[in-house]
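Residues per chain, in single letters:
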Amino acid sequence: MADVVDAATRSRMMSGIRGKNTKPELTIRKALHARGFRYRIHCKDLPGNPDLCLPKYRAVIFVHGCFWHGHDCHLFKWPKTRPEFWKQKIERNQAVDAAARAQLLAEGWRVMQIWECSMKGRQAAEVDEVVSRVHLWLKSGDPEANVTLKAGAEC
């Protein structure tokens, strides 16, 4: 199926998408702050520049968009136009994510990934439920507890 907008409009739309301060990230930040958690954002001194860094808990949180990080869920569809470009770009994002996660774990950080689909779409949990899981994870302090939150489940 052809794109529903012309190339110039699509280019303008895609260039308007930013990697920081996304709606899911702002939602998590606001909810955690309301529960009394204090954090640093976009920590440039850590591998992968985590979206949230909670040094007190030795924990970092990444809030990933399902499209940009190639999550296997109902929100991700491979683009029909320029498939080679998008395959290369998304696979590179996944490789960078895996390397950053491995390095953080090696340095003793606990890592959580929250996928966009956990808060958006047909299988989404309530934001309060997602934040409750994050809260419990942070308070557990278990150095082996590194989790991923995605639509419908925790794995």
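Please read all numbers here as calculations on a predicted model, not as lab measurements. (Residues numbered from 1 in each chain as written. Predicted model: local features only at pLDDT ≥ 70, side-chain atom pairs only at ≥ 80, totals over all residues. Heavy atoms only, no water.)

What about the environment of K139?
Step number 1: Within the element layout of this structure, K139 appears in helix α4 (residues 127-140).
Step number 2: In the structure, K139 is positioned 82 residues away from Y57 in sequence and 7.7 Å away in space, judged by C-alpha atoms. (Helix = DSSP H or I, 4+ residues; strand = E, 2+ residues; numbered from the N terminus.)

A short note on the pattern of salt bridges
Step number 1: Taken as a whole and assessed by the stated rule, the structure comprises four salt bridges.
Step number 2: E91 serves as the salt-bridge partner of K87, at 2.6 Å between the closest nitrogen and oxygen. Here E91 and K87 lie together in helix α3 (residues 83-106), a separation of four residues that amounts to about one turn.
Step number 3: You can call K87 partly exposed: its relative accessible area is 42%.
Step number 4: Overall, the relative accessible area of 38% leaves E91 in the partly exposed class.
Step number 5: For the salt bridge of E129 with R133, the shortest nitrogen-to-oxygen distance reads 3.0 Å. Here the residue E129 and the residue R133 both occupy positions in helix α4, the gap between them amounting to four residues, near one helical turn.
Step number 6: You can call E129 partly exposed: its relative accessible area is 38%.
Step number 7: You can call R133 partly exposed: its relative accessible area is 22%. (Salt bridge = Lys/Arg side-chain N within 4 Å of Asp/Glu carboxyl O. Buried < 20%, exposed > 50% of the residue type's maximum accessible area, 1.4 Å probe, protein only.)

Topic: the side chain of R110
Step number 1: In this structure, R110 sits in strand β4 (residues 110-115).
Step number 2: Note on R110: relative accessible area 2%, which makes it buried.
Step number 3: Of note is the side chain of R110, whose polar atom sits 2.9 Å from the backbone oxygen of W137. (Polar contact = N/O pair within 3.5 Å; in protein donor to acceptor, adjacent residues only side chain to side chain.)

Nothing here speaks to function; it is all geometry.
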